[in-house]
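Structure at a glance
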Amino acid sequence: MGYRCWIASRDIAPGTASYPRAITQAIRASRLFVVLLSDACNASDDVLNEITLAKDAKVPRLPVRIDEAPIGDGLLYFFSQAQRLEGGGQGVDALL
């Protein structure tokens, strides 16, 4: 459909001087920030930082639940009242 999904592990070139700077710039340039809600996401402080960057940059955030883990406290702060998509509990590989 012509949309491109930016993924840090794929789209930041090896040897990039500042990984955090590249992530921040990509988030600010985004038209939509998709958050894959999962058990791994619950455990990541980096995800919380990235959601905050997207919020501050006024980038719309779309939560997509990809496993059966409950939404953790940090994520609940951002998405307690948000509608979200259910990814079928098949993990991230099913979405790619």
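Keep in mind the model is a prediction, meaning the values are calculated, not measured.

Points about the packing of aromatic side chains
- Using the criterion set out here, one finds two aromatic pairs in the structure.
- On the basis of an interplanar angle of 90° and a centroid distance of 5.2 Å, the ring pair of Y77 and F78 is categorised as edge-to-face.
- Overall, Y77 belongs to the exposed group, its relative accessible area being 67%.
- Ring geometry for F78 against F79: centres 6.4 Å apart, planes inclined by 50°, an arrangement best described as tilted.

What to know about the environment of F79
- With respect to the element layout, F79 can be found in helix 5 (residues 73-79).
- Distance from F79 to P63, taken between C-alpha atoms, is 7.5 Å for residues 16 residues apart in sequence.

A few points about unusual backbone geometry
- Positive phi, close to 60°, is recorded for K58, a residue that is not glycine.
- The residue K58 is located in the loop between helix 4 (45-56) and strand 2 (61-65) in this model.
- For K58, a relative accessible area of 72% puts it in the exposed group.

Topic: helix 2 (residues 19-29)
- Of the residues making up helix 2, those classed as buried are A22, I23, T24, A26 and I27.
- Where helix 2 is buried, its residues touch helix 1 (8-11), strand 1 (33-37) and helix 4.
- You can read the cap of helix 2 off the contacts: a side-chain oxygen lies 3.1 Å from the backbone nitrogen of R21, and it is on S18.

What about the nonpolar core?
- Counting residues in hydrophobic clusters, the biggest one holds 16 residues, and the most contacted among them are F33, V35, L37, V47, I51, L75 and F79.
- Those elements that provide at least two residues to this core are helix 2, strand 1, helix 4 and helix 5.

Quick word on the confidence of the model for the protein
- When pLDDT is averaged along the protein, the result is 87, and 84% of the positions lie at 70 or above.
- The secondary-structure element of the protein with the lowest mean pLDDT is strand 3 (residues 85-86), recorded at 62, while helix 2 shows the highest, at 96.

Cut-offs and rules
Residues numbered from 1 in each chain as written. Predicted model: local features only at pLDDT ≥ 70, side-chain atom pairs only at ≥ 80, totals over all residues. Heavy atoms only, no water. Phe/Tyr/Trp six-rings, centres within 6.5 Å; stacked < 30°, edge-to-face > 60°. Buried < 20%, exposed > 50% of the residue type's maximum accessible area, 1.4 Å probe, protein only. Helix = DSSP H or I, 4+ residues; strand = E, 2+ residues; numbered from the N terminus. Contact = heavy atoms within 4.5 Å. Polar contact = N/O pair within 3.5 Å; in protein donor to acceptor, adjacent residues only side chain to side chain. Core = buried A, V, L, I, M, F, W, Y, C linked by side-chain atoms within 4.5 Å. pLDDT = per-residue confidence, 0-100.

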